[in-house]
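Reading the structure
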Amino acid sequence: MSPSVELGRRSSQETPALEDRPLLSVRGLEKRYGHRVGCTGVSFDLWPGEVLGIVGESGSGKSTLLASLAGHLRPEEGQVVFETSEGPRDTLKLTEAERRRLMRTDWAFVHQNPRDGLRMDVSAGGNVGERLMAVGARHYGDIRGQALDWLARVEIAPDRIDDRPRAFSGGMQQRLQIARNLVTGPRLVFMDEPTGGLDVSVQARLLDLLRGLVRQMGLSAIIVTHDLAVVRLLADRLMVMKGGHVVEQGLTDQVLDDPQHPYTQLLVSSVLQV
Ligand SMILES: Nc1ncnc2c1ncn2[C@@H]1O[C@H](COP(=O)(O)OP(=O)(O)OP(=O)(O)O)[C@@H](O)[C@H]1O
């Protein structure tokens, strides 16, 4: 059985070819905290293999948007339509069991703090293997083999496979979290400040690694960051947020080299002055 989530069915007649449709289609998304706006009026399409960066100052609504897209928060308005292997589904209308299945199969979420995305009392190999088992893998030798392969891909030495993440550095923990998320070949990866909280040299190595994996695997990803260097390296397209609104979106190089909105101009020039 395909590891892709089984959600809804449409006949091939009414369903155009997969490549003709976005992987994720978001319309009019709004999340409020009481009277305070978290994010509002957010609409965009994400195409297969595309990486979208979301940038903005602290409090602009980036994390709220990401959490709303990934189903961690319940938005009050809007649609988040994902192209499942069985056809498009509005993920805001999934049952809790369907949503959890989606998070184990087609979707992955890389948290800023690896502790939120790893099981700290389970070995490195176990952390990677657990996600494989969640999609049906049962053969111990295969699971350990794939875990070893993925540890190598994220540059963790094979002799650390039985160590627990708390014995790892911050950078290693983040690389392990990435291996745990990517081992099942998700089709869409959400990343919340994946290089945040790391030393500059560790950040650079992680970014390099992420860029390699994104390209090799043709991953579709949505990456929230306040760091324009991260989106310059990773994102095909950029969305700039301010006060819960998207103020500008477009191709990354276009937005960064020729920003149209005064807020984006400020954001870009403040980085250039550093
Ligand atoms: N749990 C919450 N309860 C009430 N208001 C919240 C909550 N979480 C976020 N907000 C508010 O929603 C708005 C957007 O916050 P959000 O955390 O999404 O911004 P952000 O761009 O991710 O900021 P940062 O980069 O600092 O994480 C802010 O006004 C914030 O105060």
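Here the residue numbers are simple positions, counted from 1 along each chain's written sequence. Local features are withheld for residues below a pLDDT of 70 in this predicted model, meaning they are given only at 70 or higher, and side-chain atom pairs are given and counted only at 80 or more; totals for whole chains, interfaces and linings count all residues. Think of the side-chain values as coming from all heavy atoms in the structure, minus any hydrogens and water.

**Examining the UniProt feature "domain: ABC transporter" (unreviewed entry) in the protein**
UniProt positions are given in the numbering used here, feature names are shortened, and annotations may be inferred rather than shown by experiment. Within the UniProt annotation, "domain: ABC transporter" (unreviewed entry) is assigned to residues 24–268. For residues 24–268, helix accounts for 40% and strand for 27%, while the C-alpha atoms at its two ends are 28 Å apart. Helix and strand labels come from DSSP, where a helix needs a run of H or I of at least four residues and a strand needs a run of E of at least two; each type is numbered from the N terminus.

**Overview of the packing of aromatic side chains**
Here a Phe, Tyr or Trp ring, Trp counted by its six-membered ring, pairs with any other such ring whose centre lies within 6.5 Å, and the pair is stacked when the planes are under 30 degrees apart, edge-to-face when over 60, and tilted otherwise. Applying the stated criterion to the full structure yields three aromatic pairs. Measuring from ring centre to ring centre gives 5.0 Å for Trp107 and Phe190, while their planes differ by 75°; the resulting arrangement is edge-to-face. Highlighted residues: Trp107 in strand β6 (residues 107–110) and Phe190 in strand β7 (residues 188–192), separated in sequence by 83 residues. Buried means the residue's accessible area, taken with a 1.4 Å probe over protein chains only, is under 20% of the maximum for its type, while exposed means over 50%, and partly exposed covers the values in between. The exposure class of Trp107 is buried, given its relative accessible area of 1%. Judged by relative accessible area, Phe190 falls into the buried class, the value being 0%. Among the aromatic residues, ring-to-ring pairing joins Phe82, Trp107, Phe109 and Phe190 into one connected group. Put simply, a charge is over a ring when the Lys NZ or the Arg CZ is close to the ring centre, within 6 Å, and near the line of the ring normal, within 35 degrees. We note Lys31 situated over the ring of Tyr33; from NZ or CZ to the ring centre the distance is 5.6 Å. One residue, Arg153, lies across the ring of Trp150, its end atom 4.3 Å from the ring centre.

**Things to note about unusual backbone geometry**
In most cases, non-glycine residues show a negative phi, while peptide bonds are predominantly trans. Of note in the backbone geometry, Glu155 takes a positive phi value of approximately 60° without being a glycine. Backbone geometry at Glu193 places phi at a positive 45°, although glycine is not the residue there. As for its position among the elements, Glu193 is in the loop between β7 and α7 (200–217). When its relative accessible area of 11% is taken as the criterion, Glu193 is described as buried.

**Considerations on the pattern of salt bridges**
It is possible for side chains bearing opposite charge to pair when their charged atoms get close. In what follows, salt bridge is the name for a side-chain nitrogen of Lys or Arg lying within 4 Å of a carboxyl oxygen of Asp or Glu. In the structure shown here, the tally under the stated rule is 18 salt bridges. As a salt-bridge pair, Glu130 and Arg180 come within 2.8 Å of each other at their nearest N and O atoms. Residue Glu130 is found in helix α4 (residues 124–134), and its partner Arg180 is found in helix α6 (residues 170–182); the two are separated by 50 residues along the sequence. For Asp162, the salt bridge is made with Arg144, and the minimal N-O distance between the two is 3.3 Å. A residue pair is termed long-range when its members are at least 10 positions apart, and Asp162 in the loop between α5 (140–153) and α6 and Arg144 in helix α5 qualify at 18 residues.

**Overview of the site of the ligand**
Every residue near the ligand is listed here: Tyr33, Arg36, Val37, Gly38, Glu57, Ser58, Gly59, Ser60, Gly61, Lys62, Ser63 and Thr64. Polar contacts, as counted here, are pairs of nitrogen or oxygen atoms within 3.5 Å of one another; within protein the pair requires one atom able to donate a hydrogen and one able to accept it, and residues that are adjacent in sequence qualify only if both atoms are side-chain atoms. Within the side chain of Arg36, one N or O atom sits 3.3 Å away from a nitrogen atom of the ligand. At 3.1 Å from an oxygen atom of the ligand is found a main-chain nitrogen or oxygen belonging to Ser60. To be clear on the numbers: accessible area is Shrake-Rupley with a 1.4 Å probe, and residue cover counts the displayed protein chains and nothing else. Protein contacts shield 60% of the accessible area of the ligand, which totals 630 Å² for the unbound molecule. Secondary-structure elements contributing two or more residues to the shell around the ligand are β2 (36–46) and α1 (62–69). Residue classes follow a fixed rule: Ala, Val, Leu, Ile, Met, Phe, Trp, Tyr, Cys and Pro count as nonpolar, while Asp, Glu, Lys and Arg count as charged, and any other residue, Gly among them, counts as polar. Residues belonging to the shell around the ligand are distributed by class as follows: two nonpolar, seven polar and three charged. Residues are classed as near a molecule or strand on a simple rule: at least one heavy atom within 4 Å of it.

**Quick notes on α1**
Within α1, seven of the eight residues are buried, leaving the element largely enclosed by the surrounding structure. Along α1, the residues that are buried comprise Lys62, Thr64, Leu65, Leu66, Ala67, Ser68 and Leu69. Of the residues one or two after α1, Gly71 is the one with positive phi, at around 85°.

**Re the sheet that holds strand β4 (residues 77–84)**
DSSP bridges decide pairing: two strands pair if at least two such bridges lie between them. The sheet built from four strands is open, its strands ordered β2-β1-β4-β5 with antiparallel pairing. Single-partner strands in this sheet number two, and they are β2 and β5 (87–90). Going across the sheet, the axis of each strand differs from the next one's by a mean of 20°, ignoring polarity. Contacts between residues were defined by any pair of non-hydrogen atoms, one from each residue, lying within 4.5 Å. Under this scheme, a helix contributes an axis fitted over its contacting stretch, all axes are lines through C-alpha atoms, and angles between N-to-C directions fall in the 0 to 180 degree range. Of the strands in this sheet, β1 (24–33), β2 and β4 touch α1, which is tilted by about 120° from β1.

**Examining the pairing of strand β10 (residues 245–251)**
By the bridge criterion, six bridges tie strand β9 (residues 237–242) to β10 in an arrangement that is antiparallel. Opposite Val240, over in β10, you have Glu248 as the bridge partner.

**Side note on the sheet that holds β9**
Read from one edge to the other, the open sheet built from six strands follows the order β6-β7-β8-β3-β9-β10, with strand pairing classed as mixed. Both outer strands of the open sheet, β6 and β10, are each paired with one neighbouring strand and no more. Each strand of the sheet is rotated relative to its neighbour by a mean of 15°, with strand direction disregarded. In this sheet, β9 lies alongside strand β3 (residues 51–55) in parallel orientation, the contact comprising four bridges. Bridge assignment links Gly53 to a residue of β9, and that residue is Leu238. In the packing of α1 onto the sheet, contacts are made with β3, β6, β7, β8 (220–224) and β9, and the angle to β7 comes to roughly 150°.

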